[in-house]
Amino acid sequence: MSNALSSENSPTDGGPPGTGPEDGSIRSRDQHSTTGQHVGSVVAGKTLLFDVGVLLAWIAMTDYLIYRVGTYFAWSLSLFATLFFFGLAKRSRGHWRASMLMVALLVLLALKLSWSGSVLQIACGVFVTFCLAMAMSGLPPFLPELFAFVGMVVAGAVQRVLRFRLGSVSEASGTVKPWVGGSVLIPLTLVTCFIALFVLANPDVANSLALKFRILADTLSEWLLKFSVGEVVFALLSGWLMLGLLYPSAQKLMSELVPVELSQAKSRSTYYPTARNTLLSVIVLFVVYLVFEFFTLWFRDFPEDFYYAGYAHQGAFWLTVALALSTFVLSAIFRGSMLSDPQLPLLKKLAAAWSALNVVLAIAVCNRLYIYVEFNGMTRMRVIGLLGIACVVAGLLLVVAKIWRDRDFVWLIHRQLWMPVLAVIAFAILPVDWIVHESNVRRVLQGEPASSVQIISHLHSAEGALPLVKLVDHEDPIIRDGVRAVLAVWAQELGVAPTALESDLSAYRGRYRPELGHTSPWLWVQAGFSRQGRVSDVPWHNWQLSEELLRSKLLDIETAWQPYAKDSTLRDRTVDAFYEYAYQWY
């Protein structure tokens, strides 16, 4: 930039004969300015048309897929389309590593929405889209800045619109500039007119195009008749959001300090003895407790009255709090004057030892959850518990990394805030229902019927019903017939069984209340996203891969569940018997 400014302001020798250097410089500068304005006008015109084209395509896509359709598969297509629009409009990858991570997360979320969608994946997809826009704009997508980035998206859209206002006033000269799109639109208009004249000169071509235009006009009129005020507002907000995501007015709000050489300013801290004694004390305490934990909960046979739920729920929760407290204590010790104490290396070694003990404590927490899973199977909440423990341990390791690499508090906050977010996104991406019931079915097949309680006592989607097919020939008649009855309801819901009355299936949607009076919410069909009807009757936008696979498996074992689909009384009594049998392990 400095070279350009110096060359622009330097005298030139290129004037015509008879003119002085100053006059030649002015003429050359004026010619260069005129040429630059012309080139800039053409480039700006092309950019304007590109913006308008991208925005119109984006608005049409979001209006149809999100506003009018709005199913999980439509949202999946929307996320893939978002990647296409970003790749088309964003010339720079910005922070390419963060951008690639966000792209990978967005692809996985889109695939999960196609497999077995939920509102959680939609929310995570919107969040990751903002993070991707932030990363591609040159900003690392850290959460403190992300909240401000949302406002900058709105401001960026305003700036982009003002940049292309008609008849804008030149700041340099005060004169009114012509519309920058004229150099592109006028030639296109003339070409269009000549094409129309050539078409009219050929009656067959003209009649054929006229028929197609009438069909297109009828389609557009039908589309416009469905428009409402809410849809217009949605379209405007969608376009405004996309413009802001492509051209945000972003700036970095928080900066990370470069690590300094601590040996340059050594001074003893008055808090060093407190920190040293604290670390030594907690190391001894953790060693004693972990020995106790090992001898009481590892490699032993538990009595029949053992309080599994208490040790798994209450115990694991408080140990996880202990891990979080350890993270806070380490952050509090290694700050301020403590970082310049000459005995800091010893303190770091003590912190490393305590951190290793915390990792062992996290393994002990996982062991408690494993004991509970061994007792009566896997559930969604136990998956959440494992992800939560992983999140806390990751936060602890980040604190250790901060200590050893002499990073500042902003560095730590930037990364620690992402840990719970990644845990939520991981839960949204993973096929949790399939993992849960695959584990339970495998344990039942291994001769541990206690896990059957999780099959009949918790919600599951179509992906959770897929592993149940393995139990239709189980040697235990109660489990075998109960699973067949459950699959019969899925067969009716997915349209592979003879069409059942709405009242016959309504009791199974959300919560099942049979004759015994218990509540068993084992079938999950969200309102507004029901996929009833036979395979050939299912609209494309309601497609879910897990449901298609379940349909195929149900057709393969039709003789197993068909009697329960035909006789609702038999089905209800069989589910009752299954629930009563499995409830002894609840």
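Here is what the cut-offs are and how they apply
Residues numbered from 1 in each chain as written. Predicted model: local features only at pLDDT ≥ 70, side-chain atom pairs only at ≥ 80, totals over all residues. Heavy atoms only, no water. Helix = DSSP H or I, 4+ residues; strand = E, 2+ residues; numbered from the N terminus. Buried < 20%, exposed > 50% of the residue type's maximum accessible area, 1.4 Å probe, protein only. Contact = heavy atoms within 4.5 Å. Areas by Shrake-Rupley, 256 points an atom, 1.4 Å probe, with all protein chains shown as cover. Phe/Tyr/Trp six-rings, centres within 6.5 Å; stacked < 30°, edge-to-face > 60°. Core = buried A, V, L, I, M, F, W, Y, C linked by side-chain atoms within 4.5 Å. Patch = residues over 30% accessible without salt bridge, like charges linked within 9 Å, V, L, I, M, F, W, Y side chains within 5 Å. Salt bridge = Lys/Arg side-chain N within 4 Å of Asp/Glu carboxyl O. Axes fitted to C-alpha atoms, helices over the stretch in contact; angles between N-to-C directions. Parallel < 35°, antiparallel > 145°, perpendicular 65-115°, else oblique. Nonpolar A, V, L, I, M, F, W, Y, C, P; charged D, E, K, R; others polar. Expected span 1.5 Å × (residues − 1).

Visitor: Please set out the overall build of the chain residue by residue, giving values where relevant.
Guide: Each helix and strand in the chain was counted, giving 23 helices and 0 strands. For the chain, the residues scored as buried account for 43% of the 586 residues in total. Taking all contacts inside the chain whose residues are at least 6 apart in sequence as the whole, residues at least 24 apart take part in 77%. For the chain, the exposed area adds up to about 31300 Å²; of that, 66% sits on carbon and sulfur atoms.

Visitor: Explain the packing of aromatic side chains to me, using residue names and the numbers behind them.
Guide: Counted according to the given criterion, the structure contains 9 aromatic pairs. A centroid spacing of 5.5 Å and a plane angle of 25 degrees characterise the contact between Y579 and Y583, whose relative ring orientation is stacked. Residue Y583 is classed as partly exposed on the basis of its relative accessible area, which comes to 43%. Counting every residue linked through ring pairs, the aromatic cluster contains W58, F84 and F85.

Visitor: Just give me the short version of the nonpolar core, but keep the residues and values in it.
Guide: Membership of the largest hydrophobic core comes to 83 residues, with the highest contact counts inside it found for F86, L330, F334, L347, W418 and I425. Per-element accounting of this core gives the leading share, 10 residues, to helix α12 (residues 344-376). Look past the residues within four positions of I425 in its chain and what remains in contact with it is L105, C124, F127, V128 and W418. With 38 residues, the next largest nonpolar core counts L494, Y564, Y581 and W585 among its residues.

Visitor: Which residues make up a nonpolar patch on the surface, and what are the values?
Guide: There is a patch of nonpolar side chains on the surface, built from V154, V158, V161, L162 and W240 and spanning about 410 Å² of accessible area. No other element matches helix α6 (residues 143-163), which puts 4 residues into the nonpolar patch.

Visitor: Kindly report on the packing of helix α22 (residues 558-566) against helix α23 (residues 568-582), identifying the contributing residues and their values.
Guide: At a minimum axis separation of 5 Å, α22 and α23 run at an interaxial angle of 110 degrees. It follows from the interaxial angle that α22 and α23 lie roughly perpendicular. Of the residues in α23, those in contact with P563, Y564 and K566 of α22 are S568, L570, R571 and T574. Here the residues of the contact of α22 with α23 sort into 3 nonpolar, 2 polar and 2 charged.

Visitor: Before we move on, could you go through the pattern of salt bridges and cite the residues and values that matter?
Guide: For the structure shown, the criterion picks out 11 salt bridges. Its salt-bridge partner being D63, residue R68 comes within 3.7 Å of it at the nearest N-O pair. For the salt bridge of E374 with R443, the shortest nitrogen-to-oxygen distance reads 3.0 Å. In this pair, E374 is assigned in helix α12 and R443 in helix α16 (residues 432-445), connecting sequence segments 69 residues apart. Looking at E374, the relative accessible area reads 34%, which means it is partly exposed. Several salt bridges converge on common partners, so that one network encompasses D63, R68 and E231.

Visitor: Describe helix α13 (residues 380-404), and please don't skip the residues or the numbers.
Guide: When the terminal C-alpha atoms of α13 are compared, their 36 Å separation across 25 residues agrees well with the 36 Å that a helix rising 1.5 Å per residue should span. Positive phi appears at D406, one or two residues downstream of α13, with a value of about 55 degrees.

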